[in-house]
Structures are given as C-alpha cells and as structure tokens.
Amino acid sequence: MNIDEIPSEARLPTKHGEFNIRVFHESETGLDHVALSMGDMKGPDPVLMRVHSECLTGDAFGSIRCDCGPQLDAAMRQISEKGWGVILYLRQEGRGIGLHAKIQAYHLQDQGADTLDANLMLGLPADARNYRIASTMLESIGVQDVCLLSNNPFRWHRSCIRRRQGCCPRSTDGRGA
C-alpha cells in the first residue's frame, strides 16, 4: 500500500467518548488542522461547533495563564453530552503569532504587559489568526448549519451561524486566550 493511499482519518477515543479525527492540510501555510467530530453532521438540528486555536501551553500543559484548555475540554464535554458536534482545531498558536513569539509575549506579560500590549511591543498584530480553512473543513465533513460554541461572540460573522451558544469558561485573570 502506498502511503498516499492511507487516509488521515481515524477513531479517537477520549475521556469524553469516541470522536473521529480528520486532518486537513493547508497548502498555503503548510499547517495541518484537525476536525474532531462525533455523530452525524447532517442534523436535524444545527451541529454544535467550536473553532479552537492551538494553545500548547493551555491545551497540553494546563497553563493557568489562559483558559484555552478548559474551553476545549468544555466543548468536547458538551458535544459528547449532545451526541454530535465538531471541533475545528486550527494550528494558530498564540493568536496566530507562533509559539516562539507567544513565549516572548509571556515574558513581557511577566513584566506587567497585558496580552494585547505584549504582542504590539513585539511588533506583531493584536490577533493574526485566519479562519478561511474552517469553511473548507466544514464543507468537507458535510456541516451546513451550526450552533457556535464560543466565549467570543464577535469572532464570527453572524451570517455564518444560525445561533450562538456559550460553552466555555471565561478567563478570570483578564488575559484571555
């Protein structure tokens, strides 16, 4: 079997139940993004969806500097309780500035800067994330109607979603993700 014939899709058992993991390669950036789905994506109700930007420190290491890990966990739990939904895990570390710059920003935060000011002090945009790949991912897995699980109502244009549902714990330290 040729390696190119092996799909980048598999079952992924988690503490919240069994999900399907599918990798989407974005040739423009060279990054691999993930759709983590459970159940039927066709409805009848809108599909629960969270768009989650990668956060190594919060997602993997449990940092309390941000609330990314708890947001991801809450979304997985809600999807599991509902029985269907999808998380789009986008490789946009540190609001799209990358891990190296994110840790530099942490250093500046340790000196008293907030997240926004730290990015600007490094000569970086306040938020460099790009969500274009998300629509391609949703279309590919058959999602047409979503209920957005979000702690940020301003991130998505209202015409893209039928309704928004809060799901995620808010940061208590004011620094945010």
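Computed from a predicted model, the values in this text were never measured in an experiment.

### Let's talk about the pairing of strand β1 (residues 9-14)
Part 1 of the argument: Pairing of β1 with strand β2 (residues 17-26), which is carried by 6 bridges, proceeds in the antiparallel orientation. Each residue of the ladder has a partner; that of E9, found in β2, is R22.
Part 2 of the argument: Hairpin connection from β1 to β2: 2 residues lie between these consecutive antiparallel strands.

### Examining the packing of aromatic side chains
Part 1 of the argument: Taken as a whole and assessed by the stated rule, the structure comprises 0 aromatic pairs.
Part 2 of the argument: When the ring centre of Y106 is taken as origin, the NZ or CZ atom of R65, which lies over that ring, is 4.3 Å away.

### Quick word on the pairing of strand β3 (residues 31-38)
Part 1 of the argument: In terms of burial, β3 is largely enclosed, as 6 of its 8 residues are buried.
Part 2 of the argument: Two elements, β2 and β3, share 7 bridges in a ladder whose sense is antiparallel. Counted as the bridge partner of H25 is D32 from β3.
Part 3 of the argument: Hairpin connection, β2 to β3: the antiparallel pair is bridged by 4 residues, and G30 has positive phi, about 80°.
Part 4 of the argument: Relative to strand β5 (residues 85-90), β3 is paired through 5 bridges, and the arrangement is antiparallel. For V34, the partnering residue across the bridge sits in β5 and is Y89.

Rules behind the numbers
Residues numbered from 1 in each chain as written. Predicted model: local features only at pLDDT ≥ 70, side-chain atom pairs only at ≥ 80, totals over all residues. Heavy atoms only, no water. Pairing = 2+ DSSP bridges. Helix = DSSP H or I, 4+ residues; strand = E, 2+ residues; numbered from the N terminus. Phe/Tyr/Trp six-rings, centres within 6.5 Å; stacked < 30°, edge-to-face > 60°. Lys NZ or Arg CZ within 6 Å of the ring centre and 35° of its normal. Buried < 20%, exposed > 50% of the residue type's maximum accessible area, 1.4 Å probe, protein only.

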